[in-house]
Amino acid sequence: MRKTVFIFGALALALLLLFQISKYSIIGGDLRIEIALAIVAVTFFVVGVYLNKKSLQKERLPEGTIDTERIEALDLSKREYEVLKEISLGLSNKEIADKLFLSESTIKTHVSNLLTKLNAKRRTQAIQIAKDLQIL
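Residues numbered from 1 in each chain as written. Predicted model: local features only at pLDDT ≥ 70, side-chain atom pairs only at ≥ 80, totals over all residues. Heavy atoms only, no water.

Draft legend 1. Expanded view of the nonpolar core. The biggest cluster of nonpolar side chains holds 20 residues, and the ones touching the most others in it are L76, V83, L84, I87, I107 and I135. At the level of secondary structure, the elements contributing two or more residues to this core comprise α4 (78–88), α5 (93–100), α6 (104–117) and α7 (123–132). Ignoring any residue separated from it by four or fewer positions in sequence, one finds L84 in contact with L114, L118, I127, A130, I135 and L136. (Core = buried A, V, L, I, M, F, W, Y, C linked by side-chain atoms within 4.5 Å. Buried < 20%, exposed > 50% of the residue type's maximum accessible area, 1.4 Å probe, protein only. Helix = DSSP H or I, 4+ residues; strand = E, 2+ residues; numbered from the N terminus. Contact = heavy atoms within 4.5 Å.)

Below is the structure:
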């Protein structure tokens, strides 16, 4: 988090300096307005490409690998994880209860806990989040 704040602070400072330099250049008559705007546009483009590469390139495990450390970090119990796997197969609460030999109300509790721990509002959203986290 500190690194991100530092990067954005440095970016803001660099842009302010660029604006000040371009302002003095324009006032002094050494630089035309089009060139100053082009420099600002190129700067924003380079910074955007840099931030895109840094923020969107997540370190991913090989396809099909389950991130067990992430499961532990989310504090999912073994039973909750079993329920999550059954939800991903498209089973209803009743079908999951029959398959795992539990009551339907217990499954509802596990599903509710899963939604809370994964910060999801629906079962489908929980499955998508789990796939993104590579725990399914």
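Draft legend 2. Local environment of unusual backbone geometry. Of note, the phi angle at D75 is positive, near 65 degrees, even though the residue is not glycine. For D75, the position within the fold is in the loop between α3 (68–73) and α4. Under the relative-accessibility criterion, D75 is labelled exposed at 54%. At F101, a residue that is not glycine, the phi angle is positive and equals roughly 60 degrees. For F101, the location among the structural elements is in the loop between α5 and α6.

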